[in-house]
Amino acid sequence: MADQQLFLDGVSIALNGRVLLAVSHRVEVGEVLTVMGPSGSGKSTLLAYIGGFLDRAFSATGKVFSGAEELTVLPAEERHAGILFQDPLLFPHMSVGGNLLFAIPPSIKGRAARSALVQEALEGVGLAGAASRDPDTLSGGQKARVALARVLLSAPRMLLLDEPFSKLDAELRSQMRELVFAKARTSRLPVVLVTHDEADAEAAGGPVIRVGQ
Ligand SMILES: Nc1ncnc2c1ncn2[C@@H]1O[C@H](COP(=O)(O)OP(=O)(O)OP(=O)(O)O)[C@@H](O)[C@H]1O
């Protein structure tokens, strides 16, 4: 289901009768659309609308398409949005491999096939051999890589990034950006990135939308 452009068709989101943001944009495969704006301007809310988990406090109009398919008529679990937040949100009671196995769609059967996908995903983020590790023993940067591997294994149609680099120090941050954007290109996924950091927008290299100004 990758390889589909993401189309935000006249999306407008309001809170208590006031429009927070309005966006119309086609995000191409491998492209990163960066959304910037002050705190409270509705950036995370836009990702929630795309992903299908908008809180009822908001009212929204406009459609979201993945290729020709309208997502806004589908429940969140059928939209296949891959989301990364500030926090990697790994399950602490599972090994790294367990966290990754959990994300693989059930349509992929067979223990050996699933296990091979986990190994491949870990190699792809520079963590070969980490499957048996306990997430609590990983550094912040390593956890972020596991979260990336996990979201890619879930066969998403797009990546929605809610400040996923903001807790990393400068060097890790720049490495992680490059890795995420490279994976989006090779996995043929459109990306929406929410950030406060101009350097993120620059590294993303795509269009930038400024909201709440
Ligand atoms: N569940 C909710 N019910 C009511 N208001 C909410 C709810 N969630 C967020 N808000 C409000 O909606 C507005 C937009 O919030 P949102 O989290 O989208 O902003 P943001 O631009 O992502 O901010 P930040 O940069 O601080 O993460 C804010 O004024 C926030 O207080």
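Residues numbered from 1 in each chain as written. Predicted model: local features only at pLDDT ≥ 70, side-chain atom pairs only at ≥ 80, totals over all residues.

Enquirer: What is the right way to look at unusual backbone geometry in this model?
Expert: For residues that are not glycine, phi is negative in most cases, and the peptide bond is trans in most cases. Backbone geometry at His80 places phi at a positive 55°, although glycine is not the residue there. Checked against the element boundaries, His80 lands in the loop between β5 (69-70) and β6 (81-84). Among the residues examined, His80 registers 19 C-beta atoms within 10 Å and is labelled partly exposed. Unusually for a residue other than glycine, Leu89 sits at a positive phi of about 55°. One can find Leu89 in the loop between β6 and α2 (96-103). (Helix = DSSP H or I, 4+ residues; strand = E, 2+ residues; numbered from the N terminus. Buried ≥ 20, exposed ≤ 12 C-beta atoms within 10 Å, placed from the backbone.)

Enquirer: Help me out: how do you make sense of the nonpolar core in this one?
Expert: For soluble globular proteins, the rule of thumb is that nonpolar side chains tend to be buried together. Within the largest apolar cluster, 54 residues are counted, with the highest numbers of intra-cluster contacts made by Leu148, Ala149, Leu160, Val191, Val192 and Leu193. With eight residues, helix α4 (residues 140-153) is the single largest residue contributor to this core. Beyond its immediate stretch of four places on either side in the chain, Val191 contacts Val27, Glu31, Val32, Leu33, Met158, Leu159, Leu161 and Ala184. (Core = buried A, V, L, I, M, F, W, Y, C linked by C-beta atoms within 7 Å. Contact = placed C-beta atoms within 7 Å.)

Enquirer: Would you explain the sheet that holds strand β2 (residues 18-27) in this entry?
Expert: Sheet strands pair via backbone hydrogen bonds, and the direction of the pair is either parallel or antiparallel. An order of β2-β1-β4-β5 is seen for the four strands of this open sheet, with the pairing classed as antiparallel. Every interior strand has two partners, whereas the edge strands, β2 and β5, have only one. When strand β1 (residues 6-15) meets β2, the two strands line up antiparallel, connected through eight bridges. Residue pairing for β2: Phe7 is matched across the bridge by Arg26. (Pairing = 2+ DSSP bridges.)

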